[in-house]
Structures are given as structure tokens and as C-alpha cells.
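# Architecture at a glance
The residues making up each chain are set out below.
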Amino acid sequence: MKNLATLLEEYIAAYPNEKAAINMLEFFNKDKNCFQKDNQEGHFTGSAWIVSPDRSMVLMTHHRKLNMWLQLGGHADGTEDLISVATREAKEESGFNEFVLLSDRIFDLEIHEVPAVAGEPFHYHYDVRFLLEADPKNNTIVVSDESHDVQWIALDKVVKLNPENSMHRMVKKTSALLRQ
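Further remarks concern the overall build of the chain. Along its length, the chain carries five helices and eight strands. Expected size for 180 residues packed as a compact globule is a radius of gyration near 16 Å; at 15 Å, the chain falls within 12% of this value. Along the first, second and third principal axes, the C-alpha atoms of the chain reach 45 × 40 × 30 Å. Evaluated residue by residue, the chain yields a buried proportion of 46% over its 180 residues. Nonlocal contacts in the chain, meaning residues at least 24 apart in sequence, comprise 66% of its contacts between residues at least 6 apart. As displayed, the chain has an accessible area near 9100 Å², and 50% of this comes from carbon and sulfur atoms. Charged side chains in the chain number 19 positive and 28 negative. The centres of these two groups are separated by 6 Å.

What follows concerns the pattern of salt bridges. Summed over all chains, the structure comprises 14 salt bridges. The closest approach of N and O atoms between Arg88 and Asp77, which form a salt bridge, is 3.9 Å. With a gap of eleven residues between them, Arg88 in helix H3 (residues 82-94) and Asp77 in the loop between strand S4 (72-75) and H3 connect regions that are remote in the sequence. One continuous salt-bridge network, built from bridges that share partners, spans Glu18, Asp108, Glu110, Asp127, Arg129, Arg169 and Lys173.

On to the packing of aromatic side chains. This structure, assessed with the given rule, holds nine aromatic pairs. The interplanar angle of 5° and the centroid separation of 4.0 Å between the aromatic rings of Phe27 and Tyr126 together place this pair among those described as stacked. With Phe27 in helix H2 (residues 19-30) and Tyr126 in strand S7 (residues 123-133), this pair connects stretches of sequence that are 99 residues apart. Residue Phe27 is classed as buried on the basis of its relative accessible area of 2%. Here the basic side chain of Lys173 rests over the ring of Phe107, its NZ or CZ set 5.6 Å away from the ring centre.

A separate point is the side chain of Ser47. Checked against the element boundaries, Ser47 lands in strand S1 (residues 42-51). Given the relative accessible area of 4%, Ser47 is considered buried. Separated by 2.7 Å, the side chains of Ser47 and Asp127 make a polar contact.

Here we come to the nonpolar core. Burial of nonpolar side chains together is a common tendency in soluble globular proteins. Phe44, Ile50, Leu82 and Phe130 are the most contacted members of the largest nonpolar core, which has 34 residues in total. If sequence neighbours within four positions are ignored, Phe130 has contacts with Leu7, Ser47, Ala48, Trp49, Leu82, Ile83, Ala86, Leu101, Asp104, Arg105, Ile106 and Phe107. Listed in part, the 14 residues of the second largest apolar core include Trp49, Phe107, Ile153 and Leu155.

Cut-offs used in this document
Residues numbered from 1 in each chain as written. Predicted model: local features only at pLDDT ≥ 70, side-chain atom pairs only at ≥ 80, totals over all residues. Heavy atoms only, no water. Helix = DSSP H or I, 4+ residues; strand = E, 2+ residues; numbered from the N terminus. Rg over C-alpha atoms; globule rule 2.2 N^0.38 Å. Buried < 20%, exposed > 50% of the residue type's maximum accessible area, 1.4 Å probe, protein only. Contact = heavy atoms within 4.5 Å. Areas by Shrake-Rupley, 256 points an atom, 1.4 Å probe, with all protein chains shown as cover. Lys, Arg positive; Asp, Glu negative; His and termini not counted. Charge placed at Lys NZ, Arg CZ, Asp CG, Glu CD. Salt bridge = Lys/Arg side-chain N within 4 Å of Asp/Glu carboxyl O. Phe/Tyr/Trp six-rings, centres within 6.5 Å; stacked < 30°, edge-to-face > 60°. Lys NZ or Arg CZ within 6 Å of the ring centre and 35° of its normal. Polar contact = N/O pair within 3.5 Å; in protein donor to acceptor, adjacent residues only side chain to side chain. Core = buried A, V, L, I, M, F, W, Y, C linked by side-chain atoms within 4.5 Å.

Right under this line is the structure:
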């Protein structure tokens, strides 16, 4: 397993115009408590961009606290291996048991503000996203308490549900996979 600094450096080399990666690497290097939820400034999270085998659909959750459609993921809770965090959260939030990790490289990342919600103060999530695959035919969705819903969403419908820039970016990266 590569450490997060190496993964971020590789991402910066591949996407030099994405400033968030440089900011994440600086945060990682300066804050030794960066994987803990109790870090009031912010903390790393691991997410899974889960695609169907034909890359035409993405498994998404309608997040209960944030009331928006997102990729599956969550807090590192002290775990520095964000691939394992992404996989753990994907299992917890979907009820699926089997995923294929399509790459051990970072698929996407985003630093986003988390508003003060449910007694938690305003802070930042340094979200590192990995590309996973699951088969909709071989898995039954189980919606966790963290979600209003979990669904397979057609790739061309994702940005209608969540128009954030990072969603556009991940859809674009997924579309590029279709052309390979």
C-alpha cells in the first residue's frame, strides 16, 4: 500500500491544474491528526466512485445529513489507508459485500466545506476518491441509516442530481473510461 503522500504526489503529476491536491498534501504534511474526526479544522475521508461493469451507471447515496446525492464514503476514523476506508464505507452504505478496486491510484479528490450540522462544527473534508466496480445484478442494495436512499444512477443523470464541479469531473473521467 502506498502512503497518502505518494498517492497525492502521483495525482498532482497526473492533474497539475487541480489545486486541491496540493492543498491536501500540505494539510497531510502539517497536521498529524488529519485522519481523526475530532480534528476541528478538518480531516481526510475516503470515498468510492462505484461504477457498473459497463461504466454506464454509478452507485450513489442520498445522504441523510447533507440531503444531497453523493458517492459513498466516510470518515477515516484514524485509518491512514483510505482505499480500505472507501471500501468499508461502500459496504456499510450499500449492503454490498463485493467490490473490485479498479485502480490503487486516486480517481478524484475534493476539499469541501461541511456546514455545522447535528452539533458538529463547520469543518473541511479532504475527500480522496477511489474507483471501484460492482455488479448491479449480483448485489442487493440495503439502505443504511446514513442515507435516505441508495440507487444506481445513469452516468448521464448524475450531474442533474448533484451539479457540483467534482461530480462533473468524475462523470467526465468515467466517460473517458468508456472510450478506452
